[in-house]
Amino acid sequence: YLSKFPITVYEAHAELVGRFIIGLLRLFLSDEEIRTLIYERRDLYIISLYLFGEADEIRGEDFARAMQYLEEALRCTPDNETLLYFKALWKYHQACIERDLAQKCKLLEEAITELKNLHSRVREWKELEKGLLEVKSEHSKHCSKT
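Residues numbered from 1 in each chain as written. Predicted model: local features only at pLDDT ≥ 70, side-chain atom pairs only at ≥ 80, totals over all residues. Heavy atoms only, no water.

Q: Help me understand the packing of helix 3 (residues 44-58) against helix 5 (residues 81-97), please; the structure alone is not making it clear to me.
A: Between helix 3 and helix 5, the least distance of the axes is 12 Å, while the angle of their chain directions is 15 degrees. With respect to their mutual orientation, helix 3 and helix 5 come out roughly parallel. In the crossing of helix 3 with helix 5, the sense of the turn from one axis to the other is left-handed. From helix 3, Ser 48, Phe 52, Ala 55 and Asp 56 reach across to helix 5, where they touch Leu 83, Phe 86 and Trp 90. (Axes fitted to C-alpha atoms, helices over the stretch in contact; angles between N-to-C directions. Helix = DSSP H or I, 4+ residues; strand = E, 2+ residues; numbered from the N terminus. Parallel < 35°, antiparallel > 145°, perpendicular 65-115°, else oblique. Left-handed = near helix turned anticlockwise from the far one by under 90°. Contact = heavy atoms within 4.5 Å.)

Structure, rendered in structure tokens:
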């Protein structure tokens, strides 16, 4: 499974924190108590993992709030390439369901810019390269200037 769908170390850690640690804590603590516990540790990496998990849980129902969580996670780990990738990827996914053409194009343009910036830093990441081509293709379908 992992060789067919490679994930980053950060994603693996986020899965462990989100599904197992937070899942177990939810048996005994409220969400607010868990958040307090996470923040009291003052470990920016753990906070970032927690925030990414929270963002991922709600992104389908509240995209704006999910992006706020993702931005907060990026403030904890600013050079986190996985978070930067997901930020662009989620914008692309949101653009695909966006009905307003101007908003769709804005999201696609932001995703392209972010993916290009990330690609200039991590050229060997093939999934990133494929994603960039896909977003560009979607942009040219809907947003090309006539």
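Q: Which parts of the structure should I look at to understand the packing of helix 6 (residues 101-121) against helix 7 (residues 126-143)?
A: Geometry of a packed helix pair, given as the angle between the helix axes and the separation of the axes. At a minimum axis separation of 9 Å, helix 6 and helix 7 run at an interaxial angle of 155 degrees. The angle between helix 6 and helix 7 places the two elements in the roughly antiparallel class. Crossing of helix 6 over helix 7 shows left-handed handedness. In this structure, helix 6 uses Leu 101, Lys 104, Cys 105, Leu 108, Glu 109, Ala 111, Ile 112, Leu 115, Lys 116, Leu 118 and His 119 to contact helix 7, whose residues at the interface are Leu 128, Glu 129, Gly 131, Leu 132, Val 135, Lys 136, Glu 138, His 139, His 142 and Cys 143.

Q: Please explain the state of the cysteines as it appears in this structure.
A: When the sulfur atoms of two cysteines share a covalent bond, that bond is a disulfide. What the rule picks out here adds up to 1 disulfide. A sulfur-sulfur separation of 2.0 Å characterises the disulfide bridge that pairs Cys 105 with Cys 143. On the sign convention where negative is left-handed, the bridge of Cys 105 and Cys 143, at about -100 degrees about the S-S bond, is left-handed. Taken together, the residues Cys 105 in helix 6 and Cys 143 in helix 7 connect sequence positions 38 residues apart. The same class applies to Cys 105 and to Cys 143, which are both buried. Just so you know, Cys 96 is unpaired, no disulfide at all, and the nearest cysteine sulfur is the one on Cys 143, 11 Å from it. Look at Cys 96 and you get partly exposed, because its relative accessible area is 33%. (Disulfide = S-S within 2.5 Å. Buried < 20%, exposed > 50% of the residue type's maximum accessible area, 1.4 Å probe, protein only.)

Q: Help me understand a nonpolar patch on the surface, please; the structure alone is not making it clear to me.
A: A grouping of Leu 16, Phe 20 and Ile 21 is seen on the molecular surface, where their side chains present a nonpolar patch of about 300 Å² in accessible area. Along the chain, Ile 21 falls in helix 1 (residues 9-25). (Patch = residues over 30% accessible without salt bridge, like charges linked within 9 Å, V, L, I, M, F, W, Y side chains within 5 Å. Areas by Shrake-Rupley, 256 points an atom, 1.4 Å probe, with all protein chains shown as cover. Salt bridge = Lys/Arg side-chain N within 4 Å of Asp/Glu carboxyl O.)

Q: Would you mind showing me how to read unusual backbone geometry here?
A: What you tend to see is this: most non-glycine residues have negative phi, and most peptide bonds are trans. Even without being glycine, Arg 42 reaches a positive phi, approximately 60 degrees. Tracing the sequence through the fold places Arg 42 in the loop between helix 2 (31-41) and helix 3. Its relative accessible area of 71% is what places Arg 42 among the exposed residues.

Remember, this is a structural readout, not a statement about activity or role.
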